[in-house]
Amino acid sequence: MSTTPTPFAANATDYKIPDKVMSKINEIASQYPEKNSAMLPALHLIQDEFGWIPPSAVRQLADALDTTPNKVYAVVSFYTMFNQAPVGKYHIQVCRNVSCSLLGSKHIVDHLTSKLGIQPGQTTENKKFTLSLVECLGACGTAPVMMINDTYYENLTSGKVDEILNTLA
Amino acid sequence: MIEEKKVLTRHVGVPGMEKVDAYMNDGGYKGLKNALDKKPQDIIEEVKKSFLRGRGGAGFPTGFKWSFIPKEKTKPHYIICNADEGEPGTFKDRVIMENDPLLLIEGMTIAGYALQCDMGFIYIRGEFRKIAEKLETAIENARNANLLGKNILGKGFNFDILVMRGAGAYICGEETALIESLEGKRGEPRMKPPFPAVEGLYKCPTIVNNVETLACIPIIMQSNGKSFKDMGTFQSAGTKLYGISGHVNNPGVYEYPMGTNLKDLIEQAAGGVKDGKKLKAVIPGGLSAPILKADEIDLDMDFDACIKAGTMLGSGGVIVMDETTSIPEVAKSTIDFFVHESCGQCTPCREGLHKIQETLTKMMAGEGDENSLKTIFKIAKTIKGTTLCPLGDAGAMALEAMVTKFRDEFEALNK
Amino acid sequence: MKMQIELNNRKLEAESGETILSVAKRAGINIPTLCYLEHLKPAGRCRICVVEVDGRKDLVPSCSFPVSDGMKIHTHSPRVLEARKNLIELMLANHPDDCLYCNRNSNCDLRQLADQLGVRERELVHVEPHFEIDNSSPSLVRDPNKCILCGKCVRVCEEIQGVAAIELLGRGFESFVGVENNKNLATSRCINCGQCILACPTGALTEKSQIQDVIDALNDPEKYVVVQHAPAISVTLAEEFGVEAGIDVDGAMVAALRRMGFDKVFDTSFTADLTIMEEGSELVSRIVNGGKLPMLTSCSPGWIKFVEQFYPDFTGNLSTCKSPQQMMGAIIKRIFAQREDIDPAKIFSVSIMPCTAKKFEAGRPEMGENGIQDVDVVLTTRELGRLLRMYGIDIRNIEPEQADSPFGERTTAGKIFGATGGVMEAALRTGYYLVTGELMEHLEITPVRGLDGIKESKIKVGDLELGVAVASSLSKARILLDEVKKGRSDLHFIEVMTCPGGCVAGGGQPIGTNVDKIKARSQALYKLDDSETMRMSHENPSVKKLYEDYLGKPLSEKSHHLLHTHYEKRPI
């Protein structure tokens, strides 16, 4: 439960959306009948760039789409995929929904917490891993499932998790 | 023995189907060619004759939905493919999109023609990034073969498709929330009326159909509505993708005639309950569908039979639970999910689901009392029929069924 | 198209497209609402207005649901009443329990509904307050804990005011109304108008109360406490005492302020007259000397911040005149003090305003001299009501008295400043005289009266056809400014009032302000204008005397120093 109405982690650093990303955003905006439809695609691009959605980027995006920063925040804070604070290099998201829990996603989470030394919602000190629990990832036939960044890992076992982690530099 | 009928899944495991040649060599785009020779209105009639019902969960007759689009075109029209597959227990649409993207694209193009659309959009859940990229490749291939874009197949029809990724909001599977999201806003469902067919995307007439629904359209147009209908069982039309997960030996997506028996699906298609354990319960149509006890699964899996049995066919996502399963644990996952996914607009869903979650959490920590179940029932009753969209209702009904049917397990928490 | 429906078993006629709520209202049936806002698109969030319709499984929200022929509706069936009661219980379970201490304890919609629906027992576990209160603004206080997420404030801020300072953020149970990252109300784009307070059904939004500062000053023997009251206060204050809208209590209010111990009671309508002298002269000068046009009025502080933030290119179009409040503030501490030989530092200058933005305006650094602010504290109409009740003074039972001289003398031109179009009407009356040396044939300029969001007129003044426009609410002001931006050039003078309806509908006015009340309050002002004889600002003898004794003439150097100000672009 949130304890403060401030949605974003404090951040002093200025992040500038690179020109090539900005021109991609403008290109997408021009494909839709209304510019504002580029909101989600643009936020995905921004997150690809920075790993999260920095407040300064929100302001730039608001200008690009002729909207207000507040409206962009309203969107960012609605969708769970948009990170409101920086995450580790590898964002591990384990499904905690029914099909995955039936097949032992709790054990997978326990294994990850002990192996990484962090709880869900936390990031390792070296900023390499962030662990999150998420709702259904739409891969229930191959439960339990997790995502690391954009890749799905399915039919997980503790052993498999170890193998996967070993491949991540 | 029930028999699998691979229509929509006929290309599963066949590589290269995003290429136009490969897809065409196996009968692809025959439906579109037939369609473009007909009048748009005739296609809608054919879809009506197919008795195709929406595969996203609500089961609304597709042809009927299409007929709500204004005949006189005064504004742009849009077709949206709902690929926001997020209903827990559901993983069927990705099978179509991964294995046969052009089937979906062909279906959308036919729909686009029938509904006189200027553009189509595929709204796909954000996590399916790789599938979205595959769809974009297939769209590009279709464009290069003049199957999308200007003057498609020389028939004077212009149509193109954009793919947009969602960003983690189950509610965007609700069609008006999806439209809001496509407009770049928070995925908050709109009030109906007006319905999207009258006032949808950018306030223009819009039809939103599920992936599986749209994938059925080329099949209908390859032959006709009646032959599609005949693929189903006596009562129902076409085939259905059933995704079976949980405690079964062979989880996966299976295509059977609509109306196939649930018990047969679990025992034959999915190889029965895992490790020879006894069955305890089944959620037949994704997490929103009220739970069934082991003795209730002799059930024809179609829209009407499921409603009659007090549950829903929903998305056809079957979650199987064996005798070791704790239903309160499942209930907790369920309510956690709905609380997490409530958009927060309306009071009953936002406050009510949270209150149920709070009560159940207390019970599970051994802090419940004789009023706890009473509270859950009271709030579920309040939510049902007062919410702005179906999400709150779904959560309340799912919870209510679990607590009603497995009451002893919940009462045991208070002892 | 007409249609037949049945409402609670009564046959009724309805128009196609009408909502159930509107039909019921016409039939005298009160369906409760919490998120419904007249004239705005329904939101359907609170669900309190749900009703039962025969043949429908679900209850439907009457605020948005259209009637159809033959529809049978039940607005207060057992199922409906139970649903409403349970919904209120759910809201209460996530609402602080401090009604006894709440600013809105006598006029909270949530509390009243809980009472109406018979919520008498606490069946649900209570969620403890867990949001921080935003106290940052000089005008408003936001307590998200008391928010029931009806979204009215957000809609008013965006749709009526075109500001969009606040948004619904987050999702689900975690959602809240807030401002953008790392910001609070004070640093946000909020223009302090307080329309959100009038919209709020609970105590989640209130004015920043400064009552205690006034009490302390009244009790301080060292302080000379002066008060001014805005034109729109006397026609709304009585509502704080349960009197119907539209009753003028000017004299009683003056008497009441004296009973509380204020040393001098002045009338801001006096400086409204003075504003007209300065602003009218400024307009003439701009037209004659080719200054920036159209000239924009500058008396509404929410509007000023709006221009500084969103239309910085137009700051040069704003009249340089201070608002009447700040003119009076400057006169009190710099002329009155000198004349009465009082140390300005010992004067405590209080201003009673229909406005929360005036609190912000009084604190603007340029509104003072030598480290002394011209106005020390601004109280809203609501706060004055509270203060009077605290002092045991009932405005209904007090002998009227005259305001203090000379800054209590006013014409009705200054008085009608309180209604939208009033500044324009007053300015035209005097401007016409200043240019032509003659009086207008009809002093009532009806095209600029009334509650339309944008009113326009062409007035022949000598050889010139003067183009004037009046905007009430900032979303309407936006429309006019955008037109001018695009090259519209037939307008010379635009009056803008931040609040829709003008100061009689200000964000500091009594809770429960609605269109009917706004009309009644404006009527009260125009009634005064009809019944009195001094109706043009330049006739005000005390204003004339001020020019003779001190200022010289309008736009003189002294005027500029005392009565004029400047504007700057504000980053947003």
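Residues numbered from 1 in each chain as written. Chains lettered and ligands numbered in written order. Predicted model: local features only at pLDDT ≥ 70, side-chain atom pairs only at ≥ 80, totals over all residues. Heavy atoms only, no water.

Residue and element names in this part refer to chain B. Domain boundaries assigned for chain B yield domain 1 (20–229), domain 2 (239–322) and domain 3 (327–414). When each unit is reduced to the centre of its C-alpha atoms, the spacing between domain 1 and domain 2 is 27 Å. Summing the contributions of domain 1 and of domain 2, the shared interface buries around 1400 Å²; its carbon and sulfur component is 60%. Counting across the interface, domain 1 meets domain 2 through two salt bridges. Counting across the interface, domain 1 meets domain 2 through nine residue pairs in polar contact (both at pLDDT 80 or more). Of the residues in the side of domain 1 that touches domain 2, the class split is six nonpolar, six polar and five charged. (Domains from an automatic or database assignment. Buried area = accessible area lost by both parts, 1.4 Å probe. Salt bridge = Lys/Arg side-chain N within 4 Å of Asp/Glu carboxyl O. Polar contact = N/O pair within 3.5 Å; in protein donor to acceptor, adjacent residues only side chain to side chain. Nonpolar A, V, L, I, M, F, W, Y, C, P; charged D, E, K, R; others polar.)

Moving on, we get to the sheet that holds strand β10 (residues 292–293) of chain B. Residue and element names in this part refer to chain B. The strand order across the open sheet formed by five strands is β8-β7-β11-β9-β10, and the pairing between neighbours is mixed. Pairing within the sheet leaves two strands with one partner each, and these edge strands are β8 (252–257) and β10. Sheet topology note: the strand β9 (residues 279–283)/β10 ladder contains two bridges and is antiparallel. Paired with Val282 across the bridge in β10 is Leu292. (Pairing = 2+ DSSP bridges. Helix = DSSP H or I, 4+ residues; strand = E, 2+ residues; numbered from the N terminus.)

Membership of the largest hydrophobic core comes to 95 residues, with the highest contact counts inside it found for Leu43(A), Tyr79(A) and Phe410(B). Once residues within four sequence positions are removed from consideration, Leu43(A) is found in contact with Ile53(A), Leu61(A), Val72(A), Val75(A), Val76(A) and Phe82(A). Ranked by size, the runner-up nonpolar core spans 75 residues in total, among them Met97(B), Cys117(B), Cys216(B) and Leu241(B). (Core = buried A, V, L, I, M, F, W, Y, C linked by side-chain atoms within 4.5 Å. Buried < 20%, exposed > 50% of the residue type's maximum accessible area, 1.4 Å probe, protein only. Contact = heavy atoms within 4.5 Å.)

Together, Tyr433(C), Leu434(C), Val435(C) and Leu439(C) line one region of the surface with nonpolar side chains, adding up to about 330 Å² of accessible area. Mapped onto the secondary structure, Val435(C) falls in helix α14 (residues 422–436). (Patch = residues over 30% accessible without salt bridge, like charges linked within 9 Å, V, L, I, M, F, W, Y side chains within 5 Å. Areas by Shrake-Rupley, 256 points an atom, 1.4 Å probe, with all protein chains shown as cover.)

The subject of this paragraph is the environment of Ala269(B). Take Ala269(B): it is sitting in helix α11 (residues 262–269). Every residue in contact with Ala269(B), bar those within four places of it in the chain, is listed here: Ile244(B), Asn250(B), Tyr254(B), Tyr256(B) and Asp264(B).

Tracing the sequence through the fold places Leu149(C) in the loop between β6 (140–142) and α4 (152–160). Along the sequence, Leu149(C) and Phe176(C) sit 27 residues apart, while their C-alpha atoms lie 6.8 Å from each other. Dropping the residues within four chain positions of it, Leu149(C) is found in contact with Gln345(B), Arg350(B), Arg45(C), Leu168(C), Ser175(C), Phe176(C) and Val177(C).

What follows deals with the sheet that holds strand β2 (residues 119–124) of chain B. Residues and elements named next belong to chain B. Within the open sheet, the four strands sit side by side as β5-β2-β1-β6. Their pairing is parallel. For this open sheet the edge positions go to β5 (161–165) and β6 (206–210), each flanked by a neighbour on one side alone. Direction aside, the axes of adjacent strands within the sheet are offset by 20° on average. Judged from the five bridges that link them, strand β1 (residues 78–83) and β6 form a sheet pairing that is parallel. (Axes fitted to C-alpha atoms, helices over the stretch in contact; angles between N-to-C directions.)

All names here are of chain B. Two elements in contact, helix α3 (residues 40–50) and helix α6 (residues 101–114), have axes separated by 8 Å at closest approach and are oriented at 120°. With respect to α6, the element α3 is oriented oblique. Residues Pro40, Ile43 and Ile44 of α3 lie in contact with α6, whose contacting residues are Ile110, Tyr113 and Ala114. (Parallel < 35°, antiparallel > 145°, perpendicular 65-115°, else oblique.)

Glancing now at the pattern of salt bridges. Counted by the stated rule, this structure contains 88 salt bridges over all chains. Note that Lys405(B) and Glu296(B) form a salt bridge whose closest N and O atoms lie 3.1 Å from each other. With a gap of 109 residues between them, Lys405(B) in helix α16 (residues 390–405) and Glu296(B) in the loop between β10 and α12 (303–308) connect regions that are remote in the sequence. By relative accessible area, Glu296(B) is classed as partly exposed at 28%. The salt bridge involving Arg258(C) is made with Glu401(C); its shortest N-O contact spans 2.7 Å. Taken together, the residues span a long stretch of sequence, with Arg258(C) in helix α7 (residues 250–260) and Glu401(C) in the loop between α12 (381–390) and α13 (412–415) at a distance of 143 residues. One network of salt bridges, in which partners are shared, links Glu425(C), Arg429(C), Glu444(C), Arg449(C), Asp529(C) and Arg535(C).

Right, let's talk about empty space enclosed by the protein for a bit. Residue and element names in this part refer to chain C. In this structure the tally under the stated criterion is 10 cavities of 30 Å³ or more. Lining the largest cavity are 22 residues, with Cys299, Ser300, Pro354, Lys358 and Cys503 positioned closest to its centre. Elements that contribute at least two residues to the lining of the largest cavity include exactly α9 (301–310), α10 (324–340) and α11 (357–362). In terms of residue class, the lining of the largest cavity is built from 14 nonpolar, seven polar and one charged. Of the voids in this model, the second largest cavity is the one considered here, and its volume is about 180 Å³. (1 Å grid on protein atoms, 1.4 Å probe; cavity = no way out; pocket = protein on both sides within 12 Å on 5 of 7 lines; lining within 4 Å. Points joined across faces, edges and corners; volume = space filled by probe spheres on them.)

Residues and elements named next belong to chain C. Take Thr202: it is sitting in the loop between α5 (195–199) and β9 (205–207). One polar contact links the side chain of Thr202 to the main-chain carbonyl oxygen of Lys146, over a distance of 2.8 Å. Beyond its immediate sequence surroundings of up to four residues, Thr202 is in contact with His95, Arg104, Cys108, Leu110, Lys146 and Ile148.

Residues and elements named next belong to chain C. Buried residues dominate strand β18 (residues 464–472), accounting for seven of its nine residues. Bridging between strand β17 (residues 454–461) and β18 involves eight bridges; their strand directions are antiparallel. The residue bridging Lys455 from the neighbouring strand is Val470, located in β18. What sits between β17 and β18 in their antiparallel hairpin is a turn of two residues, with Gly462 showing a positive phi close to 60°. By the bridge criterion, five bridges tie β18 to strand β19 (residues 493–497) in an arrangement that is parallel. Its bridge partner lying in β19, Val470 is registered against Glu495. The parallel pair β18 and β19, bridged by helix α15 (residues 474–485), forms a crossover whose chirality is right-handed. (Right-handed = clockwise from strand over helix to strand, strands pointing away.)

What follows deals with the interface of chain A and chain B. Contacts between the two partners involve 40 residues from chain A, matched on the other side by 59 residues from chain B. Both faces combined, the contact of chain A with chain B buries some 3800 Å², and carbon together with sulfur accounts for 58% of it. Of all residues in chain A, the largest losses of buried area upon contact with chain B belong to Phe78(A), Tyr79(A) and Leu102(A), amounting jointly to 16% of the total for that side. The tally of links from chain A across to chain B stands at five salt bridges.

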